[in-house]
Amino acid sequence: MAKKTITPSLKNPFDPPEKVEFTIPGEVAGVRGGYEDVMQEGHDLIQRPIKSVAVGQIEKQHFKKRMTVWERINVLTQAKPNILFQNWGKNLDGASLVTGILNINGRDVGVYGHDFTVRAGSIDATNGNKLARMFKMCGEKGLPLIGMNDSAGAFVPAGVGGLDGYAEAFTALRKISGVVPTVMCMFGFNAGGGSYLPRQGSFLIQPKDTFFGLTGPGVVKSVLGEDITPEELGGPKVHCASGVTDLTVADETAALRTAVRLVSYLPDNNYSTAPFQETSDPLDRKTWEINTLLKKAFNSPTGFNTPFDVSIIIQQICDHGDYFELQPDRSREAITALGRLGGNVVGFVANNSAVSSGQIDCDSAVKIARFVRFCNIYNIPLIFMEDTTGFLPGREQEARGIVQAGRSMLDSIIDVRTPRILLILRNAYGGAYASYNNYPTGADLVLALPTTRLAVMGPAGKEFVYKGELRKIRGAIKKMVADGVLERTKAGMDGTEAKKDAEAEAAEWLKLQEAELNLRYEKELMNPKEGLALGSISSLVMPTDLRQVLGENMNFLLRHYKASSWQDVQREFH
């Protein structure tokens, strides 16, 4: 039998056992006293916003296929968040709002998120002030901001305090507009102030099966007697069509990861540049795919009138073909995107002939204006790609204010102070050319492909250039028809049939004559020669050299550009 070993101890075996209910995390357990009581109370307050929520409330979020605010933060970053302004509100429960600083890919990014498990994420005066304080900090420190919106709006029992809270948050967010970029994610069901606040941000991302709007379907039913679903009233399809939403995604995880990706293209503030990212994609890589695209398009039966998707050209120019398109589901006759060229972030504004011949209408003009202004404010250089037959004419566009929308686009382009290049791909006609970042409007460099057709007007311009010849041709029609009728009646054809046949022959002849003049007009005037002669175009570029030429010129321009805020604070365009 083994002998039992007795370890000597100074502890009296008859003393009552010591009870240690709390120790500071990481500390060796000891005797509890007043200090431990205070530490436990403090630790409980720190943990309270996370642990005070009933499991049932969390399960409700999960049942609706929504995450809690803490789970959303974990998607944004693997690093531990620095939660600021923790326990606000009478109940010290975090007041249904979480604010903090996250480390996202090595950068400090401000974040706020409504905690829907507490009071449905509603806002009162207390957490309105909390939000305002967070916005002010981001503005002062120059930090980009990500917002996670999941709020029922103002907290009704708070009375006017909820409205004051929103008003304070509105004001603070507007004051950092144009100082730091903000990316807003919409989750759940948001109404009233819960919609206005995030739309003050730079960009708004909305997943499927979410709603935001002035009011919900219930209020619409009671006020207007109109039956409507949340999806029909304020779903992603509604808001992406109007331009209220910049990006629609499948779910919450996609929204958060899209926000992180978007932030990677954005600078921290209006006095710095977007992050440079080393690339293994050679700047002198030949862009043969662009050459192939244009060859197939212009050698097709429709020739130089053949539409093509300009996003393929953007893809081939960008590092490893990676770019980030904004408002991709709206007004695709104009493409606005962020990409990298030789490691530098560049904004792309391109006419897309695959949609409506690339014509600029009210929506695409405003889309371009807003994007150009954003890039101008945040020191992002711009490459314009022109291929448009002009502004879209017609009664509807005039009634909607195409002149005003076009003026917004023109104003935004004239105001640009960042490096900017115009590349004319094909069509550049009339007022669209005159307002689309040419030398007179301030371009640093204007380049063109050999396929460029630069002119005051398209083929219709022959009516003015060859006015005398057309008058003679059309004047000969009457005599041609009369002679044709005479010949046919002499040959024994019925008079009515003879006239019909002669008119058809004359019409075909006229069509061929006008087609010849069209070709002559295109050859003589719809080309880059006059632009080169006048200095409107600096040089022609072969399609296979586009990445290299654009990249080298942009590097030159950026070497001589000093990032700074634009005059005083310039608010973002809405």
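The structure displayed is predicted, hence computed values, not measured ones.

A. Geometry of the overall build of the protein chain. When its secondary structure is counted, the protein chain shows 21 helices and 17 strands. Whereas a compact globule of 574 residues would reach a radius of gyration of roughly 25 Å, the protein chain reaches 33 Å, over 25% beyond that. Dimensions of the protein chain along its principal axes, counting C-alpha atoms only, are 140 × 60 × 60 Å. The buried share of the protein chain, taken over its 574 residues, is 49%. Taking the intrachain contacts of the protein chain between residues at least 6 apart in sequence as the baseline, contacts between residues at least 24 apart amount to 74%. Accessible surface for the protein chain amounts to roughly 28000 Å². Of this, 57% is attributable to carbon and sulfur atoms.

B. A look at unusual backbone geometry. For Asp209, which is not glycine, the phi torsion reads 60° and is therefore positive. Take Asp209: its relative accessible area is 74%, and that puts it in the exposed class. The backbone phi angle of Asn379 is positive, close to 60°, even though this residue is not glycine. Tracing the sequence through the fold places Asn379 in the loop between helix 13 (362-377) and strand 13 (382-388).

C. Summary view of helix 10 (residues 252-263). With 12 residues, helix 10 should reach 16 Å at 1.5 Å per residue; the first-to-last C-alpha distance of 17 Å fits that figure. Those residues of helix 10 lying buried are Glu252, Ala255, Leu256, Thr258, Ala259, Val260, Leu262 and Val263. Looking at where helix 10 begins, the residue whose side-chain oxygen comes 3.3 Å from the main-chain nitrogen of Thr253 is Asp251.

D. Here's a closer look at the packing of helix 3 (residues 69-76) against helix 10. For the pair helix 3 and helix 10, the least separation of the axes is 9 Å and the interaxial angle reads 45°. As judged from the angle between their axes, helix 3 and helix 10 are oblique. The handedness of the crossing between helix 3 and helix 10 comes out as right-handed. Contacts from Arg72, Val75 and Leu76 in helix 3 reach Glu252, Thr253, Leu256, Arg257 and Val260 in helix 10. Looking at the contact of helix 3 with helix 10 residue by residue, the classes come out as 4 nonpolar, 1 polar and 3 charged.

E. Looking closely at the sheet that holds strand 3 (residues 107-114). Ordered in space as 1-2-3-4-5-7-9, the 7 strands form an open sheet in which the pairing is mixed. Sheet topology places strand 1 (82-84) and strand 9 (247-249) at the edges, where each strand pairs with a single neighbour. Put simply, the sheet's adjacent strands are angled 20° from each other on average, direction ignored. Relative to strand 5 (residues 182-186), strand 4 (residues 145-149) runs parallel, the two sharing 5 bridges. Counterpart to Ile146 in the pairing with strand 5 is Val183.

F. Structural context of the environment of Ile314. Within the fold, Ile314 resides in helix 12 (residues 311-317). Ile314 sits in the buried class, given a relative accessible area of 0%. Taking the C-alpha atoms as reference points, Ile314 and Ala259, 55 residues apart in sequence, are found 22 Å from one another. With residues up to four places along the chain from it excluded, the contact list for Ile314 reads Tyr323, Ile335, Phe348, Ala350 and Met385.

G. Looking closely at the environment of Asn291. Position of Asn291 relative to the elements: it lies in helix 11 (residues 288-298). With 100 residues separating them in the primary sequence, Asn291 and Ala191 have C-alpha atoms 50 Å apart. Each residue touching Asn291, except ones within four places of it in the same chain, is listed here: Pro543 and Thr544.

Definitions and limits used
Residues numbered from 1 in each chain as written. Predicted model: local features only at pLDDT ≥ 70, side-chain atom pairs only at ≥ 80, totals over all residues. Heavy atoms only, no water. Helix = DSSP H or I, 4+ residues; strand = E, 2+ residues; numbered from the N terminus. Rg over C-alpha atoms; globule rule 2.2 N^0.38 Å. Buried < 20%, exposed > 50% of the residue type's maximum accessible area, 1.4 Å probe, protein only. Contact = heavy atoms within 4.5 Å. Areas by Shrake-Rupley, 256 points an atom, 1.4 Å probe, with all protein chains shown as cover. Expected span 1.5 Å × (residues − 1). Polar contact = N/O pair within 3.5 Å; in protein donor to acceptor, adjacent residues only side chain to side chain. Axes fitted to C-alpha atoms, helices over the stretch in contact; angles between N-to-C directions. Parallel < 35°, antiparallel > 145°, perpendicular 65-115°, else oblique. Left-handed = near helix turned anticlockwise from the far one by under 90°. Nonpolar A, V, L, I, M, F, W, Y, C, P; charged D, E, K, R; others polar. Pairing = 2+ DSSP bridges.

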